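Residue strings, one per chain:
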Amino acid sequence: MSKKIIVTNAKVENDELLLLTDRETKIISLAATGQMLVDSDQLSFIYIVDNEDGYQYVTIPEAAWNAIQQGLQGGLEVFLANAGGKLKLESFRGEMEYLIENITGNSNYGEEMVTKVEQVFAAPSA
């Protein structure tokens, strides 16, 4: 079973989007995969990272979504960070945009997930 890294906060700082975790993970030992999943039961996006023991899930709960939307709109690079360092999450923007597009209006993800994603990430057409 894969281990989970929980994002406890997200913020924009120094033109970067930081997904913060208080987990004692040695971020320096992780490698970004550029792959994401959705956990609609937990209202979370999941970014997959690798380490020497296998893969781990970075769980990104709804509480972080507003900061993520701000980072996406600003075209910012995204990093997983804690006191031990930070890791650039490759392909985060493209994966998020793809997932948001697929979730919007798609009841297969569950009504609550669809509603929350639409509320946070639906941008008015320019």
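Provided above is the structure to which this section pertains.
Just so we're clear, the structure is a prediction, and the values are computed from it rather than from any experiment.

Peer 1: What exactly am I supposed to notice about unusual backbone geometry here?
Peer 2: Negative phi characterises most residues that are not glycine, and trans characterises most peptide bonds. Phi at Asn-14 is positive, roughly 50°, even though this residue is not glycine. Of note, Asn-14 is situated in the loop between β2 (9-13) and β3 (16-20). Exposure remark for Asn-14: the relative accessible area of 67% places this residue in the exposed category. Positive phi values are uncommon outside glycine, yet Ser-91 reaches one of about 60°.

Peer 1: Would you mind going over the packing of helix α1 (residues 65-73) against helix α3 (residues 111-121) with me for this structure?
Peer 2: How two helices pack is summed up by the angle between their axes together with the distance between the axes. Following both chains from N to C, one finds α1 and α3 inclined at 45°, their axes separated by 9 Å at the closest point. Between α1 and α3, the angle falls in the class oblique. Here the hand of the crossing between α1 and α3 comes out right-handed. In this structure, α1 uses Trp-65, Asn-66, Ile-68, Gln-69 and Leu-72 to contact α3, whose residues at the interface are Met-113, Lys-116, Val-117, Val-120 and Phe-121. Partitioned by chemical class, the residues of the contact of α1 with α3 number 7 nonpolar, 2 polar and 1 charged.

Peer 1: Please explain the environment of Met-36 as it appears in this structure.
Peer 2: Tracing the sequence through the fold places Met-36 in strand β4 (residues 31-39). On the basis of relative accessibility, which here comes to 7%, the residue Met-36 falls in the buried class. Linking Met-36 and Tyr-109, residues 73 residues apart in sequence, is a C-alpha distance of 15 Å. Apart from the residues within four sequence positions on either side, Met-36 is in contact with Phe-45, Ile-46, Tyr-47, Ile-60, Phe-92, Glu-95, Met-96 and Leu-99.

Peer 1: Could you clarify how one ought to interpret the sheet that holds β2 in this entry?
Peer 2: Two modes of strand pairing occur in sheets, parallel and antiparallel, and in both the strands are linked by backbone hydrogen bonds. Strand order in the open sheet formed by 4 strands is β2-β3-β7-β8, and the pairing between neighbours is mixed. With partners counted over all chains shown, the strands left at the sheet margins are β2 and β8 (85-88), one partner each. For this sheet the average axis-to-axis angle between neighbouring strands, irrespective of direction, equals 30°. As judged from the 4 bridges shared by strand β7 (residues 77-82) and β8, these two strands associate in the antiparallel manner.

What counts as what
- Residues numbered from 1 in each chain as written.
- Predicted model: local features only at pLDDT ≥ 70, side-chain atom pairs only at ≥ 80, totals over all residues.
- Heavy atoms only, no water.
- Helix = DSSP H or I, 4+ residues; strand = E, 2+ residues; numbered from the N terminus.
- Buried < 20%, exposed > 50% of the residue type's maximum accessible area, 1.4 Å probe, protein only.
- Axes fitted to C-alpha atoms, helices over the stretch in contact; angles between N-to-C directions.
- Parallel < 35°, antiparallel > 145°, perpendicular 65-115°, else oblique.
- Left-handed = near helix turned anticlockwise from the far one by under 90°.
- Contact = heavy atoms within 4.5 Å.
- Nonpolar A, V, L, I, M, F, W, Y, C, P; charged D, E, K, R; others polar.
- Pairing = 2+ DSSP bridges.

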